[in-house]
Structure formats: C-alpha cells, structure tokens
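Letter by letter, the chains look like this.
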Amino acid sequence: MKRRILMAVPLLAVLPFAVPPARAAAADSASIAAPVNALDRALITTMKSASAGASFMARYAALKPVVETSFNLPAILQTSAGLLWSQIPPAQQTELLKLFTQYTVASYISSFSGYGGQKFETLPGARSVGASRVVTTDLIAPSGHKTKLAYVLSPAGSTWKITDVLFDGTISKVATQRSDFGSLIEPGNAAKLIAALKQKVTALSGGALHG
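This one's a predicted model, so the numbers in the text were calculated from it and none came from an experiment. Within each chain, residues carry numbers counting from 1 in the order of the written sequence. In view of the model being predicted, local features appear only for residues whose pLDDT reaches at least 70, and side-chain atom pairs are presented and counted only at 80 or more, with totals across whole chains, interfaces and linings using the full set of residues. Heavy atoms throughout the structure, all of them, feed into the side-chain values; hydrogens and water do not.

1. Focus: the overall build of the protein
Which entries qualify depends on this criterion: A run of DSSP states H or I qualifies as a helix once it reaches four residues; a run of E qualifies as a strand once it reaches two. Both are numbered from the N-terminal end. Note on classification: 1.4 Å probe, protein chains only; a residue is buried when its accessible area is under 20% of the maximum for its type, exposed when over 50%, partly exposed between these limits. What makes two residues a contact is simply this: any of their non-hydrogen atoms within 4.5 Å. Note on areas: these come from Shrake-Rupley sampling with a 1.4 Å probe, and a residue is covered only by the protein chains present in the view.
Regarding its fold elements, the protein presents seven helices and six strands. Counting helices and strands in the order they occur from the N terminus, the protein gives α-α-α-α-α-β-β-β-β-β-β-α-α. Buried positions account for 36% of the 211 residues belonging to the protein. Taking the intrachain contacts of the protein between residues at least 6 apart in sequence as the baseline, contacts between residues at least 24 apart amount to 57%. For the protein, the exposed area adds up to about 11500 Å²; of that, 61% sits on carbon and sulfur atoms.

Below, the structure written as structure tokens:
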C-alpha cells in the first residue's frame, strides 16, 4: 500500500499543471485575436478623442503604436507592391514603409472620426486558412447595424499579426492596394507611388502630416 502511494505522488504533482485541451484551445484563440482586440479598443479611444476635440496629431500619436504592433506593415506593403518590390532601391523601400505607415494610421483616423455609441464585437473562434487564421469582428452602430470586418492574421515570430482586412468579410484591402500600387511602380523606381502616398497622407491628415 505504501508503495502505491509513493508511486502516485509524481502523477499528482504533475496533474495541476496539465492544461485541458479546451482551455489550451481557448488560450490559443485569445492570443490569435489579441491584435484585433487591441486595434478595436484603440479605435474606440480614437473616436472618443475626436469627439472630445483632440487634434489629429494627438490621435495619430496614440494610434500609431497600436497599428504598428497589431499589423505586419512591412509584409503588407511588400504584398501590395507585388513582384516589383525586390527591384525598388533600398532608400525608396524605407521611404515607402514610412509613408505607408502614415497612410494606414491616417486612414483609420479619418474613417473613425467621431464617437456616437459604436462598439466592436469579436466573434468567437478563428477560422484556419492554411497557416493563417481569420478573426471576424462586427462594428455595431447605435442603430444596431453591423459592419463585418474579417482580419487575416499570420505568424510573426512568436506572435500573430494582421496581414489583411476583408471588408464585409470578402473585400480584401491588400488586393485593392495591390491594384492601386501596381500601376504606380516601375521596374527599379517607385517615385510615383511615393508621390501618391505623400498626397494621400497630406489629404487624410488635413495637412498635419506631409509625408
């Protein structure tokens, strides 16, 4: 009897640290959705700040770190630029990433420019698409109308980051950008795209940013 008790001790010591499959899956799902939830919270804050009279640059400074953490902006830019990305000189690649970051943040600030009781609701679970996962969130207006946003997340080191946004669950932002950007890039030269992004950033920021 004593021997049986001694043999059971190691097993009992291990059991409290074992994670049930359901709990592990929930934790994994939460970690995948974390960038989306962080972005949603930041956008609510951005809208509230706008309604409270905060300047564009104040909202930009608050939102930019969240966008850079939640999105894999370098990967999105390269995909949007297409096959000609590798031919763009390094100096232009660096400038494009700076401008693309400004453009992305400024676009969100322009789109979420006032608060009237909106809220985000992340749907449970994450759909698998190859190595990526799709997390869906609803932007719910005070009227109850829902705008569906599906975020494609891909592994980035030990974390997950957003690599595309599907409006109404189907319209790819990256595919749209690739169509727009592709016509502005020539082999070895992205000067036209740089100029276009500068204009967009200036317009979206009301002149607060000049690219």
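2. Brief notes about the environment of Gln-102
On the secondary structure map, Gln-102 appears in helix α5 (residues 90-111). Of the residues examined, Gln-102 reaches a relative accessible area of 11% and is grouped as buried. Spatially, the C-alpha atom of Gln-102 lies 6.5 Å from that of Val-201, the residues being 99 residues apart in sequence. If we ignore the near neighbours within four places in the chain, the residues touching Gln-102 are Tyr-60, Val-201, Leu-209 and Gly-211.

3. As for the environment of Glu-121
Within the secondary structure, Glu-121 is located in strand β1 (residues 119-122). For Glu-121, a relative accessible area of 37% translates into the label partly exposed. Taking the C-alpha atoms as reference, Glu-121 lies 8.6 Å from Thr-136; in sequence the two are 15 residues apart. Residues within four places of Glu-121 in sequence aside, it is in contact with Thr-136, Thr-137, Asp-138 and Ile-140.

4. Here's the deal with the confidence of the model for the protein
In plain terms, the rule: For every residue, the predictor assigns a confidence score, pLDDT, that lies between 0 and 100.
When pLDDT is averaged across the protein, the result is 89; 87% of the residues are at 70 or more. A low-confidence stretch, residues 1-27 (pLDDT under 50), is modelled with one contact involving residues beyond four sequence positions or located in other chains.

5. Considering the pairing of strand β4 (residues 146-156)
The following threshold applies: For two strands to be treated as a pair, DSSP must find no fewer than two bridges joining them.
As paired elements, strand β3 (residues 132-140) and β4 share eight bridges and run antiparallel to each other. Bridge pairing links Arg-133 to Leu-153 in β4. The turn joining β3 and β4, which pair antiparallel and follow one another in sequence, is formed by five residues; a positive phi near 100° is taken by Gly-144. Alignment of β4 against strand β5 (residues 159-167), held across eight bridges, turns out to be antiparallel. Among the inter-strand pairings, Ala-150 is bridged to a residue of β5, identified as Leu-166. Hairpin remark: β4 followed by β5, antiparallel, with two residues in the connecting loop; positive phi at Gly-157, about 70°.

6. What to know about the pairing of β5
By the bridge criterion, two bridges tie β5 to strand β6 (residues 171-172) in an arrangement that is antiparallel. Residue pairing across strands places Phe-167 opposite Ile-171, the latter belonging to β6. Between β5 and the antiparallel strand that follows it, β6, lie three residues; Asp-168 among them carries a positive phi value of about 55°.

7. Focus on the environment of Gln-177
Short version of the rule: Pairs of N or O atoms within 3.5 Å make up the polar contacts considered here, provided that, within protein, one atom can donate a hydrogen while the other can accept it, and that residues adjacent in sequence are counted only when both atoms are side-chain atoms.
Mapped onto the fold, Gln-177 is located in helix α6 (residues 173-182). On the basis of relative accessible area, Gln-177 is assigned to the buried category, the value being 5%. Gln-177 sits 95 residues away from Gly-82 along the chain, and the two C-alpha atoms are 9.9 Å apart. Sequence-distant contacts of Gln-177, defined by excluding residues within four places in its chain, comprise Ile-76, Ser-80, Phe-100, Tyr-103 and Gly-182. Only 3.0 Å separates the side chain of Gln-177 from the side chain of Ser-80, close enough to count as a polar contact.

8. Here's the deal with the side chain of Thr-104
Tracing the sequence through the fold places Thr-104 in helix α5. Other than its neighbours up to four places away in sequence, Thr-104 contacts Val-67 and Leu-73.

9. Regarding the packing of helix α4 (residues 73-81) against α5
Counted only if it meets this: For helices, the fitted line uses only the C-alpha atoms of the stretch in contact; every axis is such a line through C-alpha atoms, and the angle between N-to-C directions lies from 0 to 180 degrees. Note on terminology: angles under 35 degrees are roughly parallel, angles over 145 are roughly antiparallel, angles of 65 to 115 are roughly perpendicular, and the others are oblique. Side-chain classes follow a simple rule in which Ala, Val, Leu, Ile, Met, Phe, Trp, Tyr, Cys and Pro form the nonpolar group, Asp, Glu, Lys and Arg form the charged group, and the remainder, Gly included, forms the polar group.
Contact geometry for α4 and α5: axes closest at 10 Å, N-to-C directions at 105°. Comparing the axis directions of α4 and α5 gives the class roughly perpendicular. Where α4 approaches α5, its residues Leu-73, Pro-74, Ile-76 and Leu-77 are matched on the opposing element by Leu-96, Leu-97, Phe-100, Thr-101 and Thr-104. Across the contact of α4 with α5, the residue classes break down as seven nonpolar, two polar and no charged.

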